[in-house]
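Coordinate analysis (summary)
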Amino acid sequence: MNEVSSLYAIDGKFLLTPDAGVQMQFTDLDDGESGRDEKGYMHRKVLRQKVKKWQFVYSVLTQEEYRYMRAVLSTGGTFRFTYPDPDEPSEARTCTAYLSEYGIVWQSALQGLYRNLKFDVIEC
């Protein structure tokens, strides 16, 4: 049974504790004019550095847990995302973010089991 966690929240609603580690990625956003010239040298015009992306995975969910997560995730558009600071995990940070790459497997309609709920939260 997945418990509600106080580590991650969407618009103040806490997510269930993921049963796998939450992967964080940091990506630089380049201007459209960035790229390689005819000699192969890279010319970058960085618009923003270290844009955060969190990847969540839940291996198994009951129907009740999935219903709860759907209610938390159904924000439509952007939302306020609260997360632990990677440098100071006891401190919470908040940013504007959006949901991407959402998917789940409906394992058993009879038993009300779902598996492999996966989604990404990306900083705006």
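Below: a short report on this structure. (Residues numbered from 1 in each chain as written. Predicted model: local features only at pLDDT ≥ 70, side-chain atom pairs only at ≥ 80, totals over all residues. Heavy atoms only, no water.)

**A look at a nonpolar patch on the surface**
Just so we agree on the cut-off: Like-charged residues are merged into a patch within 9 Å and nonpolar side chains (Val, Leu, Ile, Met, Phe, Trp, Tyr) within 5 Å, provided each residue has over 30% relative accessible area and no salt bridge. Surface exposure here means Shrake-Rupley accessible area, sampled with a 1.4 Å probe, where a residue is shielded only by the protein chains that are shown. Each reported salt bridge corresponds to a side-chain nitrogen of Lys or Arg within 4 Å of a carboxyl oxygen of Asp or Glu. Secondary structure elements follow DSSP: runs of H or I no shorter than four residues count as helices, runs of E no shorter than two count as strands, and numbering proceeds from the N terminus. Throughout, exposure labels follow a simple rule: accessible area from a 1.4 Å probe, protein chains only, divided by the maximum for the residue type, with under 20% read as buried, over 50% as exposed, and the rest as partly exposed.
A cluster of nonpolar side chains, contributed by Val4, Phe14 and Tyr68, occupies part of the molecular surface with about 250 Å² of accessible area. In this structure, Phe14 sits in strand β2 (residues 13–16). We classify Phe14 as partly exposed; its relative accessible area is 35%.

**Quick look at the sheet that holds β2**
Selection criterion: In this analysis, strands are considered paired if DSSP registers two or more bridges between them. Note on geometry: axes are C-alpha line fits, over the in-contact stretch for helices, and angles between N-to-C directions span 0 to 180 degrees. Working rule for contacts: check all heavy atoms of both residues, and any pair within 4.5 Å makes them a contact.
Pairing is antiparallel in the open sheet, where seven strands are placed in the order β2-β1-β7-β8-β9-β6-β3. Each end of this open sheet is capped by a strand with a single partner; those strands are β2 and β3 (23–30). Within this sheet the neighbouring strands show an average axis-to-axis angle of 40°, counted without direction. Of the strands in this sheet, β1 (4–10), β2, β6 (46–62), β8 (92–108) and β9 (113–123) are in contact with helix α1 (residues 63–73), which crosses β2 at around 140°.

**What to know about the pattern of salt bridges**
Overall, the coordinates contain seven salt bridges when judged by the stated rule. A salt bridge links Asp28 to Arg44; the nearest nitrogen and oxygen atoms lie 3.5 Å apart. Separated by 16 residues along the polypeptide, Asp28 in strand β3 and Arg44 in the loop between β5 (42–43) and β6 bring together distant segments of the chain. When its relative accessible area of 29% is taken as the criterion, Asp28 is described as partly exposed. Between Arg93 and Glu91 there is a salt bridge, with its nearest N and O atoms 3.0 Å apart. Assessed through its relative accessible area of 33%, Arg93 is described here as partly exposed. One network of salt bridges, in which partners are shared, links Asp28, Asp30 and Arg44.

**Structural notes on the side chain of Glu65**
The following threshold applies: When charges are tallied, Lys and Arg are placed among the positive residues and Asp and Glu among the negative ones, while His and the ends of the chain are skipped. For the purposes of these results, a polar contact is taken to be a pair of N or O atoms within 3.5 Å, where, inside protein, one atom must be able to donate a hydrogen and its partner to accept one; residues adjacent in sequence count only when each atom of the pair is a side-chain atom.
Position of Glu65 among the secondary structure elements: in helix α1. Look at Glu65: it is buried, it has no salt bridge, and the nearest opposite charge is Arg67 at 11 Å. In terms of polar contacts, Glu65 uses its side chain to reach the backbone amide nitrogen of Thr62, at 2.8 Å.

**Description of the pairing of strand β7 (residues 78–84)**
As defined by bridge partners, β1 adjoins β7 across two bridges and the pair is classed as antiparallel. The partner of Ile10 across the bridge, within β7, is Phe81. Summarising the sheet, β7 and β8 pair through seven bridges and their orientation is antiparallel. What sits directly across from Arg80, in β8, is Thr96.

**A short note on the nonpolar core**
Just so we agree on the cut-off: For our purposes a nonpolar core is just a set of buried Ala, Val, Leu, Ile, Met, Phe, Trp, Tyr and Cys residues, chained together by side-chain atoms within 4.5 Å.
Leu15, Phe56, Tyr58, Phe81 and Phe119 are the most contacted members of the largest nonpolar core, which has 21 residues in total. Looking at this core, the elements with two or more residues in it are β1, β2, β6, α1, β7, β8 and β9. Apart from residues no more than four positions distant in its own chain, Phe81 is found in contact with Tyr8, Ala9, Ile10, Leu15, Trp54, Phe56, Arg93, Thr94, Cys95, Ala97 and Val121.

**Quick word on unusual backbone geometry**
A negative phi angle is the norm for most residues apart from glycine, just as the trans form is the norm for most peptide bonds. With phi around 45°, Asp11 is a residue other than glycine that occupies positive phi space. Within the secondary structure layout, Asp11 lies in the loop between β1 and β2.

So, to be careful, I would describe these as geometric facts and stop short of saying anything about function.
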